[in-house]
Amino acid sequence: MPPRHAVLAALLGAVVTAGLLTGLASPAAAAVTAGPSVAPSAGPRTPADPSAQLTTGMMPPDSPDAQAARATAQNAPAPSPRAATAYLNGIDVASYQHATPITWSQVAASGQSFVVVKATESTTYTNPYEPGDVAGARQAGLRVGLYHFARPSLVNGSPAADAQAEADYFSRQVNAVGGAQLPPTLDLETSGGLSQSQLTAWTAAFLSRVQADTGRRPMIYTGPYFWNTYVGSTAFTSYPLWVAHYTTAANPQSFGGWSDWTIWQWTDGTYFSPGGVPGISGAVDRDRYRGTLGGLESVEAASNGVAWPFVGTATSAQFPDGTLISVAGSPEVYVIAGRAPLYLSTWAGYPGSHQVRVIPVLAFLSLRSSPVDGTFLNSVQSGQVYQVVGQAPLYVTSWAPYHRAMPYVNISQATLDNAGAGGVWSHLRFRPLDGTFLNAFETGAVYRVVGGAPTYVSSWSYFGGVQPYSQVSDAIIELAASSPAVPGPLSHLLFRPADGTAISDPVAGTWYTTAGGRLVPVTNTGQAFTSIGHTAVVNAGQPGVWAHLAG
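Peer 1: Go over the confidence of the model for the chain with me, naming the residues and quoting the values.
Peer 2: Of all residues in the chain, 81% have pLDDT values of 70 or greater, and the mean over the chain is 82. Looking over the chain, one finds the lowest element-wise mean pLDDT in helix α1 (residues 3-11), namely 36, and the highest in strand β5 (residues 185-187), namely 98. Ignoring residues within four places in sequence, the model shows residues 1-53, a span with pLDDT below 50, making 97 contacts including any to other chains. For residues 73-84, every residue scores under 50 in pLDDT, and the model assigns this stretch 29 contacts once sequence neighbours within four places are set aside.

Peer 1: Describe the nonpolar core, listing the residues and the values that go with them.
Peer 2: Formed by 48 residues in total, the largest nonpolar core has its most connected members in Ile91, Trp104, Val115 and Phe206. Among the elements that make up this core, the one with the highest residue count is helix α6 (residues 196-214) (6 residues). Residues contacting phenylalanine 206, with those up to four places away along its chain left out, are His148, Ala163, Glu166, Ala167, Phe170 and Leu186. Core analysis: the next-biggest nonpolar cluster, separate from the first, contains 33 residues, Leu344, Ala445, Val449 and Ala480 among them.

Peer 1: Got a sec to walk through unusual backbone geometry? Specific residues and values, please.
Peer 2: A positive phi angle is found at serine 122, which is not glycine, with a value near 55°. Along the chain, serine 122 turns up in the loop between β2 (112-121) and β3 (125-126).

Peer 1: I'd like a rundown of the packing of aromatic side chains, residues and numbers included.
Peer 2: Applying the stated criterion to the full structure yields 23 aromatic pairs. Look at tyrosine 343 and tryptophan 425: their rings are 5.0 Å apart centre to centre, the planes differ by 75°, and that puts the pair in the edge-to-face class. Taken as a pair, tyrosine 343 in strand β12 (residues 340-344) and tryptophan 425 in the loop between α10 (413-417) and β18 (437-440) lie far apart in primary sequence, 82 residues in all. Here tyrosine 343 falls in the buried class, since its relative accessible area comes to 3%. Members of the aromatic cluster, joined through ring pairs, are Trp227, Phe236, Tyr239, Phe255 and Trp258.

Peer 1: Residue-level account of the packing of helix α5 (residues 159-177) against α6, with values.
Peer 2: For any two helices packed against each other, the geometry is given by the interaxial angle and the distance between the axes. Across the interface, α5 lies against α6 with an axial gap of 8 Å and an inter-helix angle of 35°. In the packing of α5 onto α6, the handedness of the crossing is right-handed. Residues Pro159, Ala160, Asp162, Ala163, Gln164, Glu166, Ala167, Asp168, Phe170, Ser171, Val174 and Asn175 of α5 lie in contact with α6, whose contacting residues are Gln198, Ala201, Trp202, Ala205, Phe206, Arg209, Val210, Asp213 and Thr214. Residue classes in the contact of α5 with α6 are distributed as 11 nonpolar, 5 polar and 5 charged.

Peer 1: Break down the sheet that holds β18 for me, with residues and values.
Peer 2: Strand order in the open sheet formed by 4 strands is β20-β19-β18-β21, with mixed pairing between adjacent strands. Each end of this open sheet is capped by a strand with a single partner; those strands are β20 (453-457) and β21 (470-472). Across the sheet, the mean angle separating the axes of adjacent strands is 40° when strand polarity is ignored. Of the pairings in the sheet, the one linking strand β19 (residues 446-450) to β20 comprises 5 bridges and is antiparallel in character. Paired with tyrosine 447 across the two strands is tyrosine 456, which belongs to β20.

Procedures and definitions
- Residues numbered from 1 in each chain as written.
- Predicted model: local features only at pLDDT ≥ 70, side-chain atom pairs only at ≥ 80, totals over all residues.
- Heavy atoms only, no water.
- pLDDT = per-residue confidence, 0-100.
- Helix = DSSP H or I, 4+ residues; strand = E, 2+ residues; numbered from the N terminus.
- Contact = heavy atoms within 4.5 Å.
- Core = buried A, V, L, I, M, F, W, Y, C linked by side-chain atoms within 4.5 Å.
- Buried < 20%, exposed > 50% of the residue type's maximum accessible area, 1.4 Å probe, protein only.
- Phe/Tyr/Trp six-rings, centres within 6.5 Å; stacked < 30°, edge-to-face > 60°.
- Axes fitted to C-alpha atoms, helices over the stretch in contact; angles between N-to-C directions.
- Left-handed = near helix turned anticlockwise from the far one by under 90°.
- Nonpolar A, V, L, I, M, F, W, Y, C, P; charged D, E, K, R; others polar.
- Pairing = 2+ DSSP bridges.

Shown next as structure tokens:
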């Protein structure tokens, strides 16, 4: 049974009957006593420098709508809500509100019902305070949403390519936060020099991509002057509107074909002398939701649909690394690593509460069958880090080949020990796929994996030129001889190919199978042979780099 169908059968209860919390024992990793074993640093990564933020927040002072408001509303009295309509108060925040820490309990006690937090800008900035703001606001009982400050541009003359890149960048944060949220918001107040038709196309591409990435219907934040001048479209009325309009009127200006608005940003904290918000130092944007708490919850729920609209191969925006998922109706829980689901057999090593995203079977089947090569995995039980190479985990003895500590995904040790066992374990191979190229960082030597073992490549000409390869530490190659027969950190490479490996030498036109690491000539019967360099065949059994084949 192909692995993908095996997993589907497991999901439907035909293969796997044990749930996640069965307490499966994870064999301890074998101790590494030979060769270097420099443990990669597991320390926290430093958040992005807040000074790298491109804008201070929503409606910066040079925004056309802010300038228009300044001309008519500076120090004017605050607008009065319509008597027949109930309003809820809320705020939106970015990193510049963090001159001192925000006290979210005070914010909630001041009468605020919701907060929208800046998550991203363009494809280069992520607000380092966003995870803490979301957690603090939720703990204080506030409804929470995220927004993206757009920087529209063209890629090869197309607005859609840039829009989709920004949407993916934003969606990673939306999906990482998970749970109940207000609609993910496009903050559109710069045109990037695009024409009205181009900006309309950019906006449409961004909104549809976010909905495809997140399964949530997004909202548009903009001002009437900007929209009428730079977009001029009435094609977006199916999306909720968050209007930015600082005015003394009882309601903001109508525009864009919307019959009404969902949220109104009525001041940036300076117009109308509204005063500050307890728990936050300095000015903060003030917002109103048009409705009651029940209505706000309805908007939140409408954004959190479970019907995933995408098909095909999943993206890292739809499923960021570290996302915990399960399939509707199935108890198994997986962690996303390199767009693939890796099974978690136990919560041991995962302290605290766990937010698991439930997805349909078809969404699960859109994931990769194995992590993208170059994905790093950390066993929460052993603390050992592995790099996925040729769909298999290779032990990382040092960060030197990568020039820095790399981000990794926490997984169960059992995921490594049971790699290739089928069923829920089928999303990792135990040893790299035949034909995988490895480059040893310290020596520069290149090897091709056959039968789970590295064979030396003396020239790229045997393979038609330079091929894609994965950087590894030379220690992985050197220590392959000491790989234990039982699962352990060095067992994912063999010193010599497994018996029965089919190997070809295209230069000589010869074919072999392996026995005890030796090449045994055979007749080509049409089976799949993995080619290796001619010199590796000629020098089989010689010492040094050639020793991975016996003479």
